[in-house]
Amino acid sequence: MAKKIDHIGIAVENLQDAVSFYENILGLALHGTESIDEQGVKVAFLPIGDTELELLESTASDSPIAEFINLKGQGIHHIAFKVDCIEKTIELMKKMNIRLIDEKPRYGAGGAKIAFLHPKSTKGVLIELSERK
Ligand code: ZN
């Protein structure tokens, strides 16, 4: 089912500042950035091992990342698990009565098909399912 940690999503107030931290303090390298307008977010990817960090900066005051930072401050936002077939996984989650934020997959950064599970069903962790080609 879940194959590996695809990435860890971290909400940050300032993307450039956060990228510099991971580059200069932890020696990671920026792989790319992307703006996802529907989600009001700008994303930076920093690979490490066979996974990566996904830094998320809000670009709209009412975006989920803005709400998260207002509520909890900067920090770990979600953990993404790689799955082979997201449609099948979503169906399986429904059968197991897991609450989904996305009943259907949508497109996330890097063209991945993604869906979020509701933290109420996952012991408090916002879990992203991610299928990448
Ligand atoms: Zn993510």
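Above this text sits the structure in question.
Keep in mind the model is a prediction, meaning the values are calculated, not measured.

### Regarding the side chain of Lys-113
Logical step 1: Within the secondary structure layout, Lys-113 lies in strand E7 (residues 113–117).
Logical step 2: Look at Lys-113 and you get buried, because its relative accessible area is 19%.
Logical step 3: Among the polar contacts listed, one links the side chain of Lys-113 to the side chain of Glu-87, at a separation of 3.0 Å.
Logical step 4: Those residues in contact with Lys-113 that lie beyond four places of it in its chain are Ile-86, Glu-87, Pro-105, Arg-106, Tyr-107, Leu-129, Ser-130 and Glu-131.

### Details of helix H3 (residues 86–95)
Logical step 1: Residues Ile-86, Thr-89, Ile-90 and Met-93 constitute the buried set of H3. Buried residues of H3 fall within an arc of 100° about the axis and therefore sit on the same side. More than 90 degrees from the buried face of H3, the exposed residues found are Lys-88 and Lys-95.
Logical step 2: Lining the buried residues of H3 we find E7 and strand E8 (127–131).
Logical step 3: Among the residues trailing H3, Asn-97 stands out with phi positive, at a value near 60°.

Calculation criteria
Residues numbered from 1 in each chain as written. Predicted model: local features only at pLDDT ≥ 70, side-chain atom pairs only at ≥ 80, totals over all residues. Heavy atoms only, no water. Helix = DSSP H or I, 4+ residues; strand = E, 2+ residues; numbered from the N terminus. Buried < 20%, exposed > 50% of the residue type's maximum accessible area, 1.4 Å probe, protein only. Polar contact = N/O pair within 3.5 Å; in protein donor to acceptor, adjacent residues only side chain to side chain. Contact = heavy atoms within 4.5 Å. Arc of directions from axis to C-beta.

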